[in-house]
There are 2 protein chains.
Amino acid sequence: MKKAASLRDAGPFQSVSVTDLADNLRQGKVTSGELTERALNAAREFGPRINCFVTLDEKGARRAAEQADAELSSGCDRGPLHGVPVGVKDIISTAGLMTGMGSKHFAGHVPNTDAAVVTSLRSAGAVIIGKTHAHEFAYGPTGDIAVTGPALNPNDISRVTGGSSSGSAAAVAAGLLPIAIGTDTAGSVRIPASLCGVVGMRPTSGTVSPAGVFPLSRTLDVIGPMAGSVTDTALLWRAMVSRPDHTGVTGPWLPLRVPNSPTQSPLLRVGEVKCALTERVSYHQIEALQIAVSALVDSGAVTVEVPIPEVDECGRVHQAIQSAEAYALHQDRVESAPDLFDPEILRQLRAASEVSGWEYVLAMQTRDRLREQVLAKLSSIDLLVMPTVPIEAPLIGQRELQGENGWTSTREALKSMTVPWSLLDLPAINVPVVVNGAHMPCGVQLVGKPGCERQLLAAAAALELRLETG
Amino acid sequence: MKKAASLRDAGPFQSVSVTDLADNLRQGKVTSGELTERALNAAREFGPRINCFVTLDEKGARRAAEQADAELSSGCDRGPLHGVPVGVKDIISTAGLMTGMGSKHFAGHVPNTDAAVVTSLRSAGAVIIGKTHAHEFAYGPTGDIAVTGPALNPNDISRVTGGSSSGSAAAVAAGLLPIAIGTDTAGSVRIPASLCGVVGMRPTSGTVSPAGVFPLSRTLDVIGPMAGSVTDTALLWRAMVSRPDHTGVTGPWLPLRVPNSPTQSPLLRVGEVKCALTERVSYHQIEALQIAVSALVDSGAVTVEVPIPEVDECGRVHQAIQSAEAYALHQDRVESAPDLFDPEILRQLRAASEVSGWEYVLAMQTRDRLREQVLAKLSSIDLLVMPTVPIEAPLIGQRELQGENGWTSTREALKSMTVPWSLLDLPAINVPVVVNGAHMPCGVQLVGKPGCERQLLAAAAALELRLETG
């Protein structure tokens, strides 16, 4: 059997950190213009082979790079993302640049204004290379449904990237971009990050403005950073949450490095989540978890098993909330132009319309109760660890599983481990873990306390370093 | 035709203000013990004839009165409600005293703790005489459905009190109590106040803790004061919102009088609401409105007509929210013991279960939009005036109207003018207006800005004074 084609590491940004790029830019070893051309060349050459870009903004990117180079050489320094290429998921509005939501409904749609997070990125000096593939209306965890066709996993192009931030994950995994942003309602940053083998974080809601991002569920949607390493994810995250300063330019706005990036996690109390769900995990993902837990212990953390049966209740509750809110957003389109939806998306929406009002109300109340119960269990624990997804990346279009670990629905399996933290609104990050013999990437999910993204990123960075150095 | 029996003014508290009672108590002209006996005697004599009390707390009331007298004579003064009898709607928990929700489901139910608002009343020294009739689960605007039978309007016992705070309105209208508290989700304080001819205010949500009050719709429920006059309503309101002080007793906690109670409303800008709904009002209620507007102008206010078509949209939106939330609260009971509901309440709940999740989500969003639009129209207006109800009190059990002003449903007509302010969360108060030739009481509704209860009460007091002095 022939080895499936891999485009992993095809691009120029693999194994180059944002901090390295920032240093090189400031030492004159490279210009933003050159980085931008590398990114555009790679996007043109390899992008179509994994279908990770929807639109490239060659003109806009070159103009932004020119400005970045001019600013940097004149001493105006916007921080670590200044002059660095970035990708933006295609449900996030970009002024003058097509934003298609992965759907026929928005064919040729060009917004007049940038989303708030895009404004933040531009203020940090980042160069937007283009818009990345999104599962249609961000309504699916596979990444293989969109008006532009399926995104393909750079590790094996017969397999899905995961979704819905499919293109952002694939572009970073292939090294076509150093960083990209996605959105996460049920796991849409973490699932493709895990399946493609990159880092992706779902922050606590309210930390990044949702203005200008096409919603799926206003209660559950968040915007998250994706990158090749935890440190790069942290740098991107800091730019996303920093408030753009329109009063004038003084530099640097953001430090070039993550301060005090830890190499140890002394006395960090890590809880290993135990519930019915965590029993339903494939062999390689169990191994990834064990490797990660060992690495955490080696880095000085204390681990303890934490039974959280509440996690098993989250799926049903999340489904009720997401369904009612998603149908409320799409009801007009379903009624006026159902044929413009992909048939699978239309089926999902029609099922979503069946949730009754009282079920939604009870789900919102149950969410509050579960959140309170779970937070109470975290009183003496700093973060949780569990798998990000229980299965390896399925094939393009594959919707059924053979009952391995009780899973029959691909979609259900993919979302199962990420939805709890979306529902409970805790920050969570996928960290890739190399497992010998695994055909596809594996990863673990670290879960922090609400608003504690810094602590979560620091622990993830220590884990990553320990995994690399062994 | 024989004049229908009237118990209006039957009791001892008609034409006696709380301020008079407070003065008399402090001058030794009367004791709280004596006031309490008067209230208990009147409740026993006249209460059953209008069915306004569910439970009398003779022991508890006498004990509270004894304590009030002892405190007052020892110089501990809790303010204007100290020693004054009060009634509490039977969906509001009272420790050790039956709280039946008007329903067979809660037959014999005795809570262990007081609702927060009851704690506030006790801390203000008020003497709780008993629990007042509530429409079953507060789920109806008529007041004629409860396990204890219909409440009867003291102005004409063949007619409904309005609901759901039916007993509180009736007891105050009959002079059996000087003050009472109710709850309001769609108009349940204002409708019975209007139909019985007393004052009742729906405050902005969040001003009185809902703890210990049986909910109907968590988004729309508020607790409100009811009294024979605006001034007494204001004094009761102040006691309801004051935080109980458990650190010790110093007095007086609350001033005996409403400070600077205005007799004029110079430069008050009053908007007369114009929309499709305000065209559907009976002759007597139109006259009441005209009398009130004239009185406001005479007291120095400036009036202007304000078209607010948004008001016409509110009913449908309110219905969706209340329905989904009400069914979420009662779903268990509907499934496990449907027969314990009155058939009309059960029909309402079954209809409420039909609201879909996406409709609820859209309704919540529409509410935000309507509120924003209406608040924008109030930028240069201090308060609004419109009818409280468009019809006179219907007969007990009457559910259909003959199409007068387009109304065919009694319930729909009764709620129509009060639901907009519940949905938009603006404070609103019913002020009785005497209309010559009207068989039943009439009233107008003043609507204030969010959180501006003091301004609303002051304007209502000026209106009331002008209406009395002519």
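Basis of the calculations
Residues numbered from 1 in each chain as written. Chains lettered and ligands numbered in written order. Predicted model: local features only at pLDDT ≥ 70, side-chain atom pairs only at ≥ 80, totals over all residues. Heavy atoms only, no water. Phe/Tyr/Trp six-rings, centres within 6.5 Å; stacked < 30°, edge-to-face > 60°. Helix = DSSP H or I, 4+ residues; strand = E, 2+ residues; numbered from the N terminus. Buried < 20%, exposed > 50% of the residue type's maximum accessible area, 1.4 Å probe, protein only. Lys NZ or Arg CZ within 6 Å of the ring centre and 35° of its normal. Least-squares fit on C-alpha atoms with pLDDT ≥ 70 in both. Contact = heavy atoms within 4.5 Å. Buried area = accessible area lost by both parts, 1.4 Å probe. Salt bridge = Lys/Arg side-chain N within 4 Å of Asp/Glu carboxyl O. Polar contact = N/O pair within 3.5 Å; in protein donor to acceptor, adjacent residues only side chain to side chain. Nonpolar A, V, L, I, M, F, W, Y, C, P; charged D, E, K, R; others polar. Core = buried A, V, L, I, M, F, W, Y, C linked by side-chain atoms within 4.5 Å. Axes fitted to C-alpha atoms, helices over the stretch in contact; angles between N-to-C directions. Parallel < 35°, antiparallel > 145°, perpendicular 65-115°, else oblique. Left-handed = near helix turned anticlockwise from the far one by under 90°. Domains from an automatic or database assignment. Pairing = 2+ DSSP bridges. Expected span 1.5 Å × (residues − 1). Right-handed = clockwise from strand over helix to strand, strands pointing away.

The name given to chain A in an unreviewed UniProt entry is Amidase, with the source organism recorded as Paenarthrobacter aurescens.

*Asks:* Explain the packing of aromatic side chains here, please?
*Replies:* Pairs of aromatic rings are described using the distance from one ring centre to the other and the angle between the two planes. Residue and element names in this part refer to chain A. In the structure shown here, the tally under the stated rule is eleven aromatic pairs over all chains. Seen in terms of ring centroids, F137 and F214 are 5.3 Å apart; in terms of plane orientation they differ by 35°. Their pairing is tilted. Of the two residues, F137 sits in the loop between β3 (127–132) and β4 (152–153) while F214 sits in the loop between β7 (199–202) and β8 (222–227), which places them 77 residues apart along the sequence. Each member of the pair, F137 as well as F214, is classed as buried. An aromatic cluster of three or more residues is present, and its members are F106, F137, F214 and F341. The positively charged end of R280 is found above the aromatic ring belonging to W407, 3.6 Å away from the centroid.

*Asks:* I tried to follow the relation of the copies chain B and chain A on my own but got confused; where do I start?
*Replies:* What connects the two chain copies is a rotation about an axis and a shift along it. Note on the copies: chain B fits chain A at an RMSD of 0.0 Å, the axial shift is 0.0 Å, and the rotation between them is 180°. What the superposition gives is, in effect, a two-fold axis relating one chain to the other.

*Asks:* Can you walk me through the side chain of S168 of chain B in this structure?
*Replies:* As for its placement among the helices and strands, S168 of chain B is situated in helix α5 (residues 166–173). Residue classification places S168 of chain B among the buried positions, given a relative accessible area of 0%.

*Asks:* Whenever I open this one, unusual backbone geometry confuses me. Can you help?
*Replies:* Residues apart from glycine generally show negative phi values, whereas peptide bonds are mostly found in trans. Along the chain, G163 of chain A connects to S164 of chain A via a cis peptide bond; the corresponding omega equals 10°. Inspection of the secondary structure puts S164 of chain A in the loop between β5 (156–160) and α5 (166–173). One non-glycine residue, M101 of chain B, lies in the positive phi region at around 60°. Following the sequence through the fold, M101 of chain B ends up in the loop between β2 (85–89) and α4 (116–123). The phi dihedral of N405 of chain B falls on the positive side, at around 50°, and the residue is not glycine.

*Asks:* Can you walk me through the interface of chain B and chain A in this structure?
*Replies:* Interface size is often expressed as the accessible area that is lost when the parts come together. The partner chain A presents 15 residues to the 15 residues of chain B that form the contact. Between chain B and chain A, a total of about 1,300 Å² is buried, with carbon and sulfur atoms accounting for 71% of that surface. When the buried surface of chain B facing chain A is broken down by residue, A328, W358 and V361 of chain B rank first, second and third, together holding 40% of it. Linking chain B to chain A there are zero salt bridges. Viewed at the interface, chain A and chain B are joined by two residue pairs in polar contact (both at pLDDT 80 or more). Secondary structure elements with two or more residues in the side of chain B that touches chain A: α9 (310–336) and α11 (357–377) of chain B. The element that contributes the greatest number of residues to the side of chain B that touches chain A is α11 of chain B, accounting for six residues. Within the side of chain B that touches chain A, the residues separate by chemical class into eight nonpolar, five polar and two charged.

*Asks:* What am I meant to see in the side chain of Q445 of chain B here?
*Replies:* Residues and elements named next belong to chain B. Along the chain, Q445 turns up in strand β11 (residues 442–447). Overall, the relative accessible area of 0% leaves Q445 in the buried class. Of the polar contacts made by the side chain of Q445, one reaches the backbone oxygen of P387; its length is 3.1 Å.

*Asks:* Help me out: how do you make sense of the nonpolar core in this one?
*Replies:* What tends to happen in soluble globular proteins is that the nonpolar side chains get buried as a cluster. Grouped together as the largest cluster of nonpolar side chains are 296 residues, with contacts concentrated most on L81, I92 and W421 of chain A together with L81, I92 and W421 of chain B. Setting aside residues no more than four positions away along its own chain, W421 of chain B makes contact with R190, R202, V273, V311, V374, L384, M386, L426, A428, Q445 and V447 of chain B.

*Asks:* Could you clarify how one ought to interpret the packing of helix α2 (residues 32–50) of chain B against helix α3 (residues 58–73) of chain B in this entry?
*Replies:* The angle between the axes and the distance between the axes are what describe a pair of packed helices. Residue and element names in this part refer to chain B. With their axes 8 Å apart at the nearest point, α2 and α3 run at an angle of 160° to one another. With respect to α3, the axis of α2 lies roughly antiparallel. The crossing of α2 and α3 is right-handed. In contact with S32, G33, T36, E37, L40 and R44 of α2, α3 contributes E58, A61, R62, A65, A68 and D69. Taken together, the residues of the contact of α2 with α3 break down into four nonpolar, three polar and five charged.

*Asks:* Got a minute to help me understand the domain arrangement of chain A in this structure?
*Replies:* Residues and elements named next belong to chain A. According to the domain assignment, chain A contains domain 1 (18–241) and domain 2 (269–469). Computed from C-alpha atoms alone, the centre-to-centre distance between domain 1 and domain 2 is 22 Å. Counting residues at the interface gives 58 residues for domain 1 and 60 residues for domain 2. Across the domain 1/domain 2 interface, buried area totals approximately 4,800 Å², and carbon plus sulfur atoms make up 61% of it.

*Asks:* What should I look at first to understand the packing of helix α9 (residues 310–336) of chain A against α11 of chain B in this one?
*Replies:* In contact at an axis separation of 8 Å, α9 of chain A and α11 of chain B are set at 70° when each is read in the N-to-C sense. Here α11 of chain B runs roughly perpendicular to α9 of chain A, going by the angle between their axes. In this structure, α9 of chain A uses A324, E325, Y327, A328 and Q331 of chain A to contact α11 of chain B, whose residues at the interface are G357, W358, V361 and L362 of chain B. Looking at the contact of α9 of chain A with α11 of chain B residue by residue, the classes come out as six nonpolar, two polar and one charged.

*Asks:* I'm lost on the sheet that holds strand β1 (residues 53–56) of chain B in this one. Help?
*Replies:* Hydrogen bonds along the backbone pair up the strands of a sheet, which may run parallel or antiparallel. Residues and elements named next belong to chain B. In space, the eleven strands of this open sheet follow the order β1-β3-β2-β4-β6-β5-β10-β11-β9-β7-β8, with mixed pairing throughout. Each of the sheet's edge strands pairs with one partner strand only, and the pair in question is β1 and β8 (302–307). Averaged over neighbouring strand pairs, the angle between their axes works out to 30° when direction is ignored. Across five bridges, the pairing between β2 and strand β3 (residues 127–132) is parallel. The partner of V86 across the bridge, within β3, is I128. Taken strand by strand, helix α7 (residues 230–241) contacts β4 (179–184), β5 (199–202), β6 (222–227) and β10 (428–433), and its axis lies near 140° from that of β6.

*Asks:* Please explain the sheet that holds strand β12 (residues 428–433) of chain A as it appears in this structure.
*Replies:* Residue and element names in this part refer to chain A. Spatially, β1-β3-β2-β6-β8-β7-β12-β13-β11-β9-β10 is the arrangement adopted by the eleven strands of the open sheet, whose pairing is mixed. The sheet is open, and its two borders are formed by β1 (53–56) and β10 (302–307), each paired with just one other strand. Across this sheet, the average inter-strand angle for adjacent strands is 30°, counted without regard to direction. Here four bridges tie strand β11 (residues 383–387) to strand β13 (residues 442–447), and the two strands are oriented antiparallel to one another. Residue pairing across strands places P387 opposite V444, the latter belonging to β13. Sheet strands in contact with helix α4 (residues 116–123) are β2 (85–89), β3, β6 (179–184) and β8, and its direction is about 180° off that of β2.

*Asks:* Sorry, what's going on with α3 of chain B here?
*Replies:* Because the α-helix completes a turn every 3.6 residues, residues three or four places apart line up on one side. Residues and elements named next belong to chain B. Between its terminal C-alpha atoms α3 stretches 22 Å, which fits the 22 Å expected from 16 residues at 1.5 Å a residue. Residues of α3 that are buried sit in contact with α1 (18–26), α2 and β3. Two residues or fewer after α3 comes G75, characterised by a positive phi angle close to 90°.

*Asks:* Explain the pattern of salt bridges to me, please; I cannot follow it from the model alone.
*Replies:* Side-chain pairs of opposite charge can arise where the charged atoms are in close proximity. Scanning the model with the defined rule gives 34 salt bridges over all chains in all. In this structure, R159 of chain A and E392 of chain A form a salt bridge, with 3.4 Å as the shortest nitrogen-oxygen distance. Here R159 of chain A, found in strand β5, pairs with E392 of chain A, found in the loop between β11 and α12 (410–416); they are 233 residues apart in sequence, far enough to count as distant. Relative accessible area serves as the criterion here: at 15%, R159 of chain A is assigned to the buried category. One salt bridge connects D184 of chain B with R190 of chain B, and the closest N-O pair in it is separated by 2.9 Å. As far as burial versus exposure is concerned, D184 of chain B and R190 of chain B are alike and both buried. Taken together, the shared-partner salt bridges in this structure form one network comprising E37, R44, E58 and R62 of chain A.

*Asks:* I tried to follow the pairing of β2 of chain B on my own but got confused; where do I start?
*Replies:* For a regular strand, the rule is simple: side chains alternate between the two faces of the sheet. Residue and element names in this part refer to chain B. For β2, the buried fraction is high: five of the five residues fall into the buried class. Alternating positions in β2 separate into two faces, P85, G87 and K89 on one and V86 and V88 on the other, with burial throughout. The handedness of the β2 to β3 crossover, carried by α4, is right-handed.

*Asks:* I would appreciate a short explanation of the pairing of β10 of chain A in the present structure.
*Replies:* All names here are of chain A. Two strands pair when backbone bridges link them, and strand β9 (residues 269–274) and β10 are joined in this way by six bridges, in the parallel orientation. Among the inter-strand pairings, V273 is bridged to a residue of β10, identified as V306. Taking the sense of rotation as the criterion, the β-α-β connection linking β9, helix α8 (residues 283–298) and β10 turns out right-handed.

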